[in-house]
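# A look at the structure
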Amino acid sequence: MTGFRFSVWPTEYRTINQYFGANPQNYAQFGLPGHEGVDIMAPHGSRIFAVADGQVTRVRRDPAGHNYGIHVVVTHRDGYSTTYAHLHQPAVDEGAIVGAGHVLGLADDTGNSFGSHLHLTLKQEGAEVGGWPFNIIDPTPFLLPLLGLQPPAGPFVEGWAFTAGLFVVGELAQVNFGGINLRRAPSVSSDRLALVPGGSVVLVNGDNRGQYTPVRVPAAAIGEVTPPTVKPAPPPPQTVATVDGWAALSNLAVAGDRAVVGQFGINLRRGPDQATPAIGVVRGGATVAVRGDGQGDYLPVRAERADFIGQVDLPAPPIAVMPGQAVSPPPGAVLAWAATDFLTPLDPTAHTALCHRFGVNLRQAPAATGQRIGLVKGLSTVTICGLSRGDYSPVLAHVADVLNLLSPVPAAAAPDPWPADA
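Residues numbered from 1 in each chain as written. Predicted model: local features only at pLDDT ≥ 70, side-chain atom pairs only at ≥ 80, totals over all residues. Heavy atoms only, no water.

## Remarks on the confidence of the model for the chain
For the chain, the average pLDDT comes to 85, and 94% of its residues sit at 70 or higher. Long-range and interchain partners of residues 224-229, a stretch whose pLDDT sits below 50, account for 5 contacts in this model, where long-range means more than four residues apart. (pLDDT = per-residue confidence, 0-100. Contact = heavy atoms within 4.5 Å.)

## Let's talk about the nonpolar core
Grouped together as the largest cluster of nonpolar side chains are 38 residues, with contacts concentrated most on F6, V72, Y84, L104 and L143. Elements with a minimum of two residues in this core: β2 (38-41), β4 (54-60), β5 (70-75), β6 (80-90), β8 (103-107), β9 (117-124), β10 (136-137) and α2 (140-147). Each residue touching F6, except ones within four places of it in the same chain, is listed here: V51, T82, L120, L122, P139, F142, L143 and L146. Counting residues in each nonpolar core, the second largest holds 26 residues, with L335, A353, Y392 and A412 among its members. (Core = buried A, V, L, I, M, F, W, Y, C linked by side-chain atoms within 4.5 Å. Buried < 20%, exposed > 50% of the residue type's maximum accessible area, 1.4 Å probe, protein only. Helix = DSSP H or I, 4+ residues; strand = E, 2+ residues; numbered from the N terminus.)

## Some thoughts on unusual backbone geometry
For the bond running from S407 to P408, omega is -5 degrees, close enough to zero to count as cis. Structurally, the position occupied by P408 is in the segment after β33 (402-403). Of note, the phi angle at H86 is positive, near 70 degrees, even though the residue is not glycine. Among the structural elements, H86 can be located in strand β6. Its identity as a non-glycine residue notwithstanding, L379 has a phi of 65 degrees, on the positive side.

## Some words on empty space enclosed by the protein
Taken as a whole and judged by the stated rule, the model has 1 cavity of 30 Å³ or more. Put simply, the largest cavity is a space of about 40 Å³. Taken together, F162, I180, N181, R183, Y212, L249, S250 and D297 make up the lining of the largest cavity. By residue number, the principal contributor to the lining of the largest cavity is strand β14 (residues 180-183), which donates 3 residues. (1 Å grid on protein atoms, 1.4 Å probe; cavity = no way out; pocket = protein on both sides within 12 Å on 5 of 7 lines; lining within 4 Å. Points joined across faces, edges and corners; volume = space filled by probe spheres on them.)

## What about the side chain of H117?
Summarising the element assignment, H117 is placed in strand β9. Here the side chain of H117 touches D39 through a polar contact of 3.5 Å, side chain to side chain. At 2.9 Å, the side chain of H117 forms a polar contact with the backbone oxygen of G115. Other than its neighbours up to four places away in sequence, H117 contacts N17, D39, I40, A42, A85, H86 and D108. (Polar contact = N/O pair within 3.5 Å; in protein donor to acceptor, adjacent residues only side chain to side chain.)

## A closer look at the packing of aromatic side chains
The geometry of an aromatic ring pair is captured by two quantities: the separation of the ring centres and the angle between the planes. Under the criterion given, the structure shown has 7 aromatic pairs. When the centroid spacing of 5.9 Å and the interplanar angle of 45 degrees are considered together, the rings of F4 and F142 count as tilted. Placement of F4 in the segment before β1 (16-18) and of F142 in helix α2 is noted, with a sequence separation of 138 residues between them. Across this residue pair, the class does not change: F4 and F142 are buried. Owing to a relative accessible area of 7%, F142 belongs among the buried residues under this scheme. Members of the aromatic cluster, each reached through a chain of ring pairs, are F4, F6, Y80 and F142. (Phe/Tyr/Trp six-rings, centres within 6.5 Å; stacked < 30°, edge-to-face > 60°.)

## A closer look at the environment of V215
Mapping V215 onto the fold places it in strand β17 (residues 212-218). For the pair V215 and E171, spaced 44 residues apart in sequence, the C-alpha separation works out to 9.6 Å. Residues in contact with V215, not counting those within four places in the same chain, are V157, E158, G159, A161, L166, L182, V202, L203 and N205.

## Here's the deal with the pattern of salt bridges
Across all of its chains, the model carries 9 salt bridges by this definition. Here R291 ties to D244 by a salt bridge, and the two come within 3.8 Å at their closest N and O atoms. Residue R291 is located in the loop between β23 (287-290) and β24 (298-304), and its partner D244 is located in strand β18 (residues 242-248); the two are separated by 47 residues in the primary sequence. Since its relative accessible area comes to 37%, R291 is described here as partly exposed. The partner of R283 in a salt bridge is D307, and the shortest N-O contact between them spans 3.0 Å. With a gap of 24 residues between them, R283 in the loop between β22 (278-282) and β23 and D307 in the loop between β24 and β25 (308-309) connect regions that are remote in the sequence. Using a relative accessible area of 8% as the deciding quantity, one classes D307 as buried. One network of salt bridges, with partners in common, ties together D244, R291 and R302. (Salt bridge = Lys/Arg side-chain N within 4 Å of Asp/Glu carboxyl O.)

## Points about the environment of V51
For V51, the location among the structural elements is in the loop between β3 (47-49) and β4. Spatially, the C-alpha atom of V51 lies 14 Å from that of Y13, the residues being 38 residues apart in sequence.

## Description of the side chain of T213
Structurally, T213 can be placed in strand β17. T213 gets classed as buried once you look at its relative accessible area, which sits at 1%. A polar contact of 2.8 Å, which involves the side chain of T213, links it to the side chain of T163. Contact partners of T213, with chain neighbours within four places excluded, come to G159, W160, A161, T163, L166, V204 and N208.

Next up, the structure:
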């Protein structure tokens, strides 16, 4: 390393969430050997700091059209530059001279990101290291002196941890956000000894075996979050909309057929693999239902729709309607009328709306006296499929989102379709 060094940790939280070079299968599409920087814990709205003296050479304020979203680039001595990505808003302008520790902006998850954090990329002019393009180099050696990991004190409990849930620094490792399951053997099917909280420092106890690392965990760390203290919320009522998906075990505290999400949330995915598309981020502390046996390090779960943060890519997308054409419900859908005041518009182009959190009654006709067909679960997404009449709007809802649906379903009063130019 040259005389250039990081003088200040770039966030308010000294925890690394994803290390340099990780998950190469996710980054091959961008022509990269793996994760091209380091992801560091930074909850929404927390401050982001310059790691060293320099000059701001780029400020992107538009969150769209770039994988980094809103980001700031600082150029330093000796040809080095640092990029601070996924910000909520920048706090500097291009050309500004900044010192180490200067606030560059506030954290968020803009761009290609799920969950608020800081993505830090380090470049050095002319560098060609390990096949990395664009002068990218590993920032880890510059961060380690600031991480300040100290060997923990015993007594210890020995077990196995999923390697991807650790940030390893020689014979020490720090547990990633959300915590890890400490297992008796190097297998997801092995008995879980305890949940080790995120941020804990543990000892690496030997060589990896498969996807697991042997570790020695301080008993005090396990005592902070042990299985008996996990108190999942009771199952939600049937009127609450839910979404099925897969969640990483390392971010769950499982208690029977219920599980509590780690402090900083979790990506719910369509399949049991990190490479599968994300449905959305379930907030930290939420309770999810366990739907069956796990696959690898993933568990099938059911999350409440109300527990998602930000955009949700639903497995069953809203039903599309064609302007200017008569409405006919497709298979698996029901046409009915719902009180407009209990619908919150989502996408005016697709005419989608979110139902009231306590659900919405579906009626055969656009009036309070219309026959009740069923109840759409709270926070379900429906399509407004035509023009409103009085206090009611015609909607198309997925049958799976409707409780107590009459059988056979009575034909609803036909709505006036959207105009062709709507």
